[in-house]
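Given next are the chains, with one letter for each unit.
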Amino acid sequence: MSTSPTTPPSANTGETPAAGDAGGKHKYPVNLPRTAFPMKANLVQNEPASLKRWSGLAAGRGLYESLLAARADAAAFVFHDGPPYANGNIHMGHLMNKCLKDFVVRTKMMAGRKCAFVPGWDCHGLPIEHKVMTDLIEGGKYDKIAALPDDQRKMAVRRECRRYAEKFVKLQGEQMQRLLTLGDYARPYLTMDPAYEGAVLEVLADLVEQGLVYRALKPVHWSIANETALAEAELEYEDREDLSVYVDFEAADADAVYDAFGLATQLEGENDEDEEPPAGAGSGEHRPRPAQRPSFMIWTTTPWTLPANVGIAVNPKHEYALVRVDGNVTVIAAALVGKVTGAAKAEDVRVLATTTGARLLGLRYRHPFVNNPPACGLGRVCDPAKLWSVVAADYVTLEDGTGIVHTAPGHGAEDFATGLREHLPIYCPVQSDGTYDATAPEWLRGVSVWDANRKVTEWLRNSGHLFYDHTFTHSYPHDWRSKTPTIFRCTEQWFISVDGLPEAARGRAGAPEGRNLRRMALAAVDAGAGSTPGTAVPPEGVKFVPEWGRNRLRGMLESRPDWCISRQRAWGLPIPAFTTPDGATFMTAASVRAVAKVVREKGSDAWFTLPPEELLKYYDAAGDNDPLARLVQGAGAAGRLRKGNDILDVWFESGTSWNAVLRERNLGYPADLYLEGSDQHRGWFQSSLLPALGATGRPPFRALLTHGFMVDKNGRKMSKSLGNDIKVEDLLRDHGADVCRWWVSSLAYEHDVKVDMEFFALAGESYRKVRNTLRFMLSNLDDYEPGAGATPGATTLEAWALGEFDALSARVQAAYDDYDYRAAHLALYDFCSRTLSATYLAAVKDRLYCDRPDSARRRQTQAALWTMTDGLCRLLAPLLPHTADEAWRALHKAAPGDDRSVHLLTFAPPTGARPDEHWKRAMDAIAAAGKALEDAKAQSGIQNPLDAGVHLPDTSGVLTRFDATDLADLLGVSKVWIDSAAESARVEDLRARGWEACARSWKRDGTVKRRADGGMLSDRDAAAVGLA
RNA sequence: AGGCCUGUAGCUCAGUUGGCUAGAGCGCACCCCUGAUAAGGGUGAGGUCGGCAGUUCGACCCUGCCCAGGCCUACCA
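Calculation criteria
Residues numbered from 1 in each chain as written. Chains lettered and ligands numbered in written order. Predicted model: local features only at pLDDT ≥ 70, side-chain atom pairs only at ≥ 80, totals over all residues. Heavy atoms only, no water. Helix = DSSP H or I, 4+ residues; strand = E, 2+ residues; numbered from the N terminus. Rg over C-alpha atoms; globule rule 2.2 N^0.38 Å. Buried < 20%, exposed > 50% of the residue type's maximum accessible area, 1.4 Å probe, protein only. Contact = heavy atoms within 4.5 Å. Areas by Shrake-Rupley, 256 points an atom, 1.4 Å probe, with all protein chains shown as cover. Lys, Arg positive; Asp, Glu negative; His and termini not counted. Charge placed at Lys NZ, Arg CZ, Asp CG, Glu CD. Phe/Tyr/Trp six-rings, centres within 6.5 Å; stacked < 30°, edge-to-face > 60°. Lys NZ or Arg CZ within 6 Å of the ring centre and 35° of its normal. Near = heavy atom within 4 Å. Polar contact = N/O pair within 3.5 Å; in protein donor to acceptor, adjacent residues only side chain to side chain. pLDDT = per-residue confidence, 0-100. Disulfide = S-S within 2.5 Å. Salt bridge = Lys/Arg side-chain N within 4 Å of Asp/Glu carboxyl O. 1 Å grid on protein atoms, 1.4 Å probe; cavity = no way out; pocket = protein on both sides within 12 Å on 5 of 7 lines; lining within 4 Å. Points joined across faces, edges and corners; volume = space filled by probe spheres on them. Nonpolar A, V, L, I, M, F, W, Y, C, P; charged D, E, K, R; others polar. Core = buried A, V, L, I, M, F, W, Y, C linked by side-chain atoms within 4.5 Å. Pairing = 2+ DSSP bridges. Expected span 1.5 Å × (residues − 1).

## Concerning the overall build of chain A
Consideration 1: Each helix and strand in chain A was counted, giving 30 helices and 31 strands.
Consideration 2: In summary, chain A has a C-alpha radius of gyration of 40 Å against a globular reference of 31 Å for 1028 residues, an excess of more than 25%.
Consideration 3: Reported as C-alpha extents along the three principal axes, the dimensions of chain A are approximately 130 × 80 × 55 Å.
Consideration 4: Burial analysis of chain A (1028 residues in total) assigns 56% to the buried set.
Consideration 5: Taking as baseline every contact in chain A between residues at least 6 positions apart, the subset at least 24 positions apart corresponds to 78%.
Consideration 6: In the form shown here, chain A has an accessible surface area of approximately 42400 Å², with 50% of it arising from carbon and sulfur atoms.
Consideration 7: Within chain A, the 134 negative side-chain charges are centred at a point lying 7 Å from the centre of the 119 positive side-chain charges.

Laid out in structure tokens, this is it:
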């Protein structure tokens, strides 16, 4: 910009106008601001240039590497990145998450700590495999692959998946760096890297060693057509017509049922009653009990699962009725009697008594066609007394059916949970091809479940158990590929025990008593809040930011079932289990470690490309004291093994990153902080906590920080389908990274965050305020050499400003320590806007412009400006990496090739200023006088404050300590008199006093007179231009 | 349906162990400056603190219910 007066210094001989008008405007030179730091940030163009400069600092190292080298001996702050899924562009959630993490990294670094940050990606898993499979099928390429042998087919899919993951790791990595986040992007962690995979398996080995890993049955979505388990994402819901049946299950002990309903012990027959009994338990007190055996009526839409029935569930809180329906006596939820009997067009319906579900618990019934108790199921112990009895389930509702739920744990998720809790058999007589096995009743063996629906129904009709049936249409899951309906079927899966091992496995000789992960986790969560009596407290508790995260994680831990860690897919890390020729499963801690070693060398592809003996080449059966080792002892034993088909749940892979990244790279353990969205209480926080407790006995993190989710301006969730999502690319293109970061730093991130395009425009406004403040300071330092200028005295404006700056610096650093970026943001903004722009800078403008350039007063101001600009850049650096560096480099006049950067520094120490203790009072007086000045402007003819002088009251008697000119400059008026007698501020029109305005400074300070050159100048200005 | 969380001026948020006329910034309105100028400064108007009920001498702050929204589970025999 132009900095020299444009008007030639011609002698203006005409009379000098009273006010500094156009005529005399540029007659006298003033020290105009001048800087190369532009008002317009142009972030979209300039940020990439900063990135480029940072990537090639001295010795060819990037900023991240340089910083880590510089902090090599500093105290570490161990921060650990939770891996996003390597799929798609980064979205608003990532934007906030990654910016917050970067604030942590940069604030710790600026505070002098060594804060390594290794960004990671979750690469395995179904979403990618699903997408790749869809593409292969749609591209017509899958048929060829499908024809390959199992291992080769999986390898073909895995190669595609890897390519896909690599593509998005690269894309997202670039986008994250475009957000100016700092980290080891040259060496990120990928869950599909061989070393990472090996480290994951080593944690699995530790858990096996602790006796926490077991194999058991679990119902999964099963495709009969493809004979494979399906994930939720592979299901399509379509309408399907099914049978709906109401079935009477005969009570085993009629009297027990009648007792539960409180019926009298006498039999029916003597005195019939026909009035309805009142509602409530024991309502049948005076009623005789019917002669026939009562039954429980259940409802199901999957009659084929009835062979696997092992219990019936009621809601203990609901009311149940004993009903006589056309001669039969049965139990139905009281609220559903009319609906059920009405649908069946029953003619004679009479409620005999009612009771609560709670009183039905434990009553036994006879299965309508199964006589032999089913086997309990792999890895479990069952309670024979519970089989075929009434159990409790709070998911039983009164919306459909009879209020009594047929429970087949082998064929449903809820039933499975109930079965586990009630120690019922997990029984599944259905084979992988959808036909019944030899354990089913003879008339069903070999029959397909779809045919069984009708067959079972007919059987029940013939045996008199069927109350009513009809067909109906409902939404039913179908296999996405074959478009055929799926079923729930039990399969063998791997679990991590949350409560120590199930009895059956615990008895295994040599296995230690399992750690109780739930108890340990709850203790860790509770430590630091209330303590749980009687539990083993871990070495350290966990800090939660915000505190309510503790409750949330606690709730999840209390209710979570054992963790099913196996999946039947191709794209993942295999669970290195083998099967012997007799069908026994072989996996020990030592064998897992041996396979891990191979995986470290060759990656998990080795599982699909190498034979068992190669995979176990580091395994020494003789040296393995696990009893299972005997399965592979003897020559050639390993060669006869078959490899398992399971891969690990991806949550186990990411949940062991504390080992695969922090310990593997010697970054420190446990981490000081994990920082993720609140959904990760269920996800990564928990999936990290449990394996770490199992393997190391301590939580992997000392503190958990959570942030909320992005919602639109109306508080609705953002989604592509709603069309209210905002694209990060758009933001970066329209606003640049620093504005986005400035916005993130302003958020109350612990709750849901509203996002709208216009918020970024507002953040941009606020950013510009800060930028312009920096620019104005820089522009007044153009002729300043650092170091010049005296230490300011206590009552100087500089002492005040520097004192305010020290307070700001302490406040911002404290806020950074508390992860309260919002507080830092507000303090920084307030300081730039109020303290600097509105107050200090406005006050010193006159001396900066009009004092002789090298005058002591001006240099003193410049020294303060320099200190504050430098310090402010450092405080802003974690939030605005580009802008802070740009300003700092402008301050230090760094040439384009100059490597210096604010990011290589630490926060500035206190300035050492000792402001006078009465500054507060002086500023209050100024504020009060400012109001008086406004009134005067409204009432008298004063418009321009420089036309005014102010008589300041000084009741406290301290204002005289201060310089009257400083006070006048703070007020923006030409003159201040301190009046110890006055009660309130009085404004005087200096024009009425006949005081002329200085042609150079426009002030009317009473010293203005015509000088030798004919101009009207004040004493100060005359001296400044050499006319003294 | 359950767990956790949120609901204070148009917007984003403060409101400490319940206690005087509920605060800030942005925006808005009006004014000033025109030597920070696609800048800068000043003044002011805006709120039945989601709703209802209760506890209390007194509630934005405590309790209950309801409404709206978010995350996570469970989504059904």
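## Some words on the packing of aromatic side chains
Consideration 1: For the structure on display, the rule yields 26 aromatic pairs.
Consideration 2: Taken together, the ring pairs connect Phe103, Tyr816, Tyr821 and Phe907 into an aromatic cluster.
Consideration 3: We note Arg489 situated over the ring of Trp222; from NZ or CZ to the ring centre the distance is 4.5 Å.

## Observations concerning the protein's contact with RNA strand B
Consideration 1: Around RNA strand B sit 55 residues, and of these Thr300, Val405, Gly715, Arg822 and Tyr849 come closest.
Consideration 2: Separating a sugar or linking oxygen of RNA strand B from a backbone N or O atom of Thr301 is a distance of 3.2 Å.
Consideration 3: At 2.7 Å from a phosphate oxygen of RNA strand B is found a side-chain nitrogen or oxygen belonging to Arg775.
Consideration 4: With 9 residues, the top contributor of residues to the surface near RNA strand B is helix α25 (residues 821–850).

## Some thoughts on the confidence of the model for chain A
Consideration 1: Across chain A, the average pLDDT comes to 88, with 93% of residues at 70 or higher.
Consideration 2: Low pLDDT, under 50, characterises residues 530–538; the stretch is placed with 13 contacts to residues that sit more than four places away or in other chains.

## Side note on the state of the cysteines
Consideration 1: Throughout the structure, instances matching the rule amount to 1 disulfide.
Consideration 2: With its sulfur 2.0 Å from that of its partner, Cys376 forms a disulfide with Cys382. What sets the handedness of the Cys376 and Cys382 disulfide is the S-S torsion sign, and at about 75 degrees it is right-handed.
Consideration 3: Overall, Cys382 belongs to the partly exposed group, its relative accessible area being 22%.
Consideration 4: Here Cys99 stays free of any disulfide, with the sulfur of Cys740 as its closest cysteine sulfur at 7.1 Å.
Consideration 5: Cys832 provides the cysteine sulfur closest to Cys873, a residue in no disulfide bond, and the two sulfurs are 9.6 Å apart.
Consideration 6: The class for Cys873 is buried, based on a relative accessible area of 0%.

## So, unusual backbone geometry
Consideration 1: Put simply, Val545 and Pro546 share a cis peptide bond, and its omega is -5 degrees.
Consideration 2: Tracing the backbone through its elements, the reader meets Pro546 in the loop between β16 (543–545) and α14 (549–559).
Consideration 3: The omega torsion across Tyr669 and Pro670 is -5 degrees, close enough to zero to call that bond cis.
Consideration 4: Even without glycine at this site, Leu180 takes up a positive phi of about 65 degrees.
Consideration 5: Despite not being glycine, Lys483 shows a phi value in the positive range, around 60 degrees.
Consideration 6: Positionally, Lys483 belongs in the loop between β14 (466–479) and β15 (487–496).
Consideration 7: Taking relative accessible area as the criterion, Lys483 reaches 46% and is therefore assigned partly exposed.

## Description of the pattern of salt bridges
Consideration 1: A full pass over the atoms with the stated rule returns 63 salt bridges.
Consideration 2: In this structure, Glu676 engages Lys101 in a salt bridge whose closest nitrogen and oxygen atoms are separated by 2.8 Å. Residue Glu676 is found in strand β23 (residues 673–677), and its partner Lys101 is found in helix α3 (residues 92–110); the two are separated by 575 residues along the sequence. As far as burial versus exposure is concerned, Glu676 and Lys101 are alike and both buried.
Consideration 3: For Lys643, the salt bridge identified is with Asp151, shortest N-O distance 2.9 Å. One end of the pair, Lys643, is in strand β21 (residues 642–643); the other, Asp151, is in helix α6 (residues 150–178), with 492 residues separating them in the sequence.
Consideration 4: Beyond isolated ion pairs, a larger network of salt bridges with shared partners links Asp846, Arg847, Asp851, Arg857, Asp966, Asp969, Arg1000, Lys1003, Arg1020 and Asp1021.

## Let's talk about empty space enclosed by the protein
Consideration 1: Enumeration according to the criterion identifies 3 cavities of 30 Å³ or more in this entry.
Consideration 2: Taken as a whole, the second largest cavity holds about 40 Å³ of empty space.
Consideration 3: Lining the second largest cavity we find Leu67, Arg106, Met109, Met110, Leu182 and His903.
Consideration 4: Residue contributions to the lining of the second largest cavity peak at 3 residues, all from α3.
Consideration 5: The class makeup of the residues in the lining of the second largest cavity is 4 nonpolar, 1 polar and 1 charged.

## Let's talk about the nonpolar core
It is characteristic of soluble globular proteins that their nonpolar side chains tend to be buried jointly.
Consideration 1: Counting 144 residues, the largest nonpolar core has Met92, Leu95, Trp743, Leu828, Tyr840 and Leu872 as the members making the most contacts within it.
Consideration 2: No other element matches α25, which puts 14 residues into this core.
Consideration 3: If near-sequence neighbours (up to four positions away) are discounted, Tyr840 is found in contact with Leu797, Glu798, Trp800, Ala801, Thr835, Thr861, Ala864, Leu865 and Met868.
Consideration 4: One finds Tyr196, Leu207, Leu557 and Trp607 within the second-largest nonpolar core, a separate group that totals 73 residues.

## Side note on the sheet that holds strand β5 (residues 228–230)
Consideration 1: Overall, antiparallel pairing links the 4 strands, which are arranged β5-β4-β15-β17 in an open sheet. Two strands lie at the open edges of the sheet, namely β5 and β17 (563–564), each paired on one side alone.
Consideration 2: Of the pairings in the sheet, the one linking strand β4 (residues 213–223) to β15 comprises 10 bridges and is antiparallel in character. Counterpart to Lys218 in the pairing with β15 is Thr491.

## Concerning the layout of surface pockets
Consideration 1: In this structure, the second largest pocket occupies an estimated 1200 Å³ of space.
Consideration 2: Along the wall of the second largest pocket there are 43 residues; nearest its centre are Asp150, Lys154, Thr228, Gln568 and Asn645.
Consideration 3: Element by element, the count of residues in the lining of the second largest pocket is highest for β15, at 6 residues.
Consideration 4: Residues belonging to the lining of the second largest pocket are distributed by class as follows: 17 nonpolar, 10 polar and 16 charged.

## Focus on helix α28 (residues 919–939)
Consideration 1: Helix length check: α28, at 21 residues, gives a terminal C-alpha distance of 30 Å against a target of 30 Å (1.5 Å per residue), a fit within 8%.
Consideration 2: When α28 is considered as a whole, its buried residues turn out to be Trp919, Ala922, Met923, Ala925, Ile926, Ala929, Ala932, Leu933 and Ala936.
Consideration 3: Structurally, α28 contributes buried residues whose contacts are with α24 (797–817), α25, β27 (948–953), α29 (964–971) and β29 (986–989).

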